[in-house]
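If you want the building blocks of each chain, they are given just below.
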Amino acid sequence: QQVGVLKGKHVVISAGGTVEPIDPVRYISNRSSGKMGYALAQAAVEQGAQVTLVSATTTLPDPIGVKTIHIQSAQDLSDQMIAALPEADVMIMAAAVSDYRMGEPATNKLKKQESGQLTLTLVENPDILAQLGAMKEQQYLVGFAAETQNLLTYAQKKLVKKNADMLIANDVSKDQVGFGYDTNQVTILTKNHEPQVLPLQSKLAVAREVMQKISKAIN
Ligand code: C5P
């Protein structure tokens, strides 16, 4: 692989799972570990980029040499990514964003209901990748698609619908792929090229290949 290919470029990456409060002590989240996004941040630093990482929940330490901004909710993430867009050359949405949030989180801890049932009303969160896709100018926009079936068809649709330049698709029904694992097996889709199937490998190795591919596309 070539080195220093992202010198002078600003790469903004989101990672981890968003957290949507239900009440002061409870929340809605997901199984994202943040490992893929953090690996991408490391791979971008290795290639000489200036890197901003907007991190939702994860147990990982802040990567060295990266400006890391910690956020909780999808709305916070949306605000940070939109604020970063004008100064970015590459934006990668690797975060697992909750599609829904509590319309109005309770201000006090919810008590057990007499009825034995509790109904929560959820409202849709913004699709941040689609927001960035609608707002971007020269920025190169990358998204992920975790699917359990019809991988390429669904991923291709997302690439177009969200106006991304690259979509990294993984079949999370496979062993060792996606959430929580240190390894991943992805297929890279771009607008003008045939899908590229990468082997099962460490998330850092995947991240390095992705960065090489992005640098070729933007340089
Ligand atoms: O539509 P789906 O959630 O499968 O799309 C996945 C891609 O869209 C990921 O890059 C994810 O970070 C992004 N996404 C988003 N905002 C949402 C949901 C997903 O930016 N509300």
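Residues numbered from 1 in each chain as written. Predicted model: local features only at pLDDT ≥ 70, side-chain atom pairs only at ≥ 80, totals over all residues.

- The chain carries the name Coenzyme A biosynthesis bifunctional protein CoaBC in an unreviewed UniProt entry, which gives Weissella bombi as its organism.

## Overview of the site of the ligand
Piece 1. Of all residues adjacent to the ligand, which total 13 residues, the nearest are Met93, Val97, Ile128, Leu129 and Gly143.
Piece 2. Looking at the shell around the ligand, the elements that each hand over two or more residues are helix H3 (128-135) and strand S9 (140-147).
Piece 3. Top element by residues in the shell around the ligand is S9. It accounts for three residues.
Piece 4. Of the residues belonging to the shell around the ligand, the class tally is eight nonpolar, two polar and three charged. (Near = placed C-beta within 6 Å. Helix = DSSP H or I, 4+ residues; strand = E, 2+ residues; numbered from the N terminus. Nonpolar A, V, L, I, M, F, W, Y, C, P; charged D, E, K, R; others polar.)

## A look at the packing of helix H2 (residues 74-84) against H3
Piece 1. With their axes 10 Å apart at the nearest point, H2 and H3 run at an angle of 25 degrees to one another. If you check the angle between H2 and H3, you find them roughly parallel. Remark: the crossing between H2 and H3 carries right-handed chirality. Taking contact as the criterion, the partners of Ala74, Leu77, Ser78, Met81 and Ile82 in H2 are, on H3, Ile128, Gln131, Leu132 and Met135.
Piece 2. Tallied by class, residues from the contact of H2 with H3 come to seven nonpolar, two polar and no charged. (Axes fitted to C-alpha atoms, helices over the stretch in contact; angles between N-to-C directions. Parallel < 35°, antiparallel > 145°, perpendicular 65-115°, else oblique. Left-handed = near helix turned anticlockwise from the far one by under 90°. Contact = placed C-beta atoms within 7 Å.)

## With respect to unusual backbone geometry
Piece 1. Despite not being glycine, Asn150 shows a phi value in the positive range, around 45 degrees.
Piece 2. Mapping Asn150 onto the fold places it in the loop between S9 and helix H4 (151-161).
Piece 3. Backbone geometry places Gln176, a non-glycine residue, at a positive phi of 70 degrees.
Piece 4. Judged by the 11 C-beta atoms lying within 10 Å of it, Gln176 falls in the exposed class. (Buried ≥ 20, exposed ≤ 12 C-beta atoms within 10 Å, placed from the backbone.)

## So, H2
Piece 1. Inspection of H2 places Ala74, Leu77, Ser78, Met81 and Ala84 among the buried residues, and these make up the whole buried set. In a view along the axis of H2, the buried residues occupy a sector of 135 degrees, so they form one face of it.
Piece 2. On the buried face of H2, the contacting elements are strand S1 (10-15), strand S2 (20-23), strand S4 (50-55), strand S6 (90-93), strand S7 (100-102) and H3. (Arc of directions from axis to C-beta.)

## Points about the UniProt feature "binding site: CTP" (unreviewed entry) in the chain
Piece 1. As annotated in UniProt, the feature "binding site: CTP" (unreviewed entry) corresponds to Asp99, Lys109, Pro126, Asp127, Ile128, Leu129, Phe144, Lys158 and Lys162 in the numbering used here. Spatial dispersion of the annotated residues is evident: they stretch over 64 residues in sequence, and the largest pairwise C-alpha distance comes to 37.9 Å.
Piece 2. Note that Lys109 resides in the loop between S7 and strand S8 (122-124).
Piece 3. Judged by local crowding, Lys109 falls into the exposed class, with 10 C-beta atoms found within 10 Å.
Piece 4. Excluding residues that lie within four positions of it along the chain, Lys109 makes contacts with Asp23, Pro24 and Val25.
Piece 5. Positionally, Lys162 belongs in the loop between H4 and strand S10 (166-171).
Piece 6. Once residues lying within four places of it in the same chain are set aside, the contact partners of Lys162 are Asp127, Leu129, Ala130, Gly133 and Gly143. (UniProt positions renumbered as here; feature names shortened; annotations may be inferred.)

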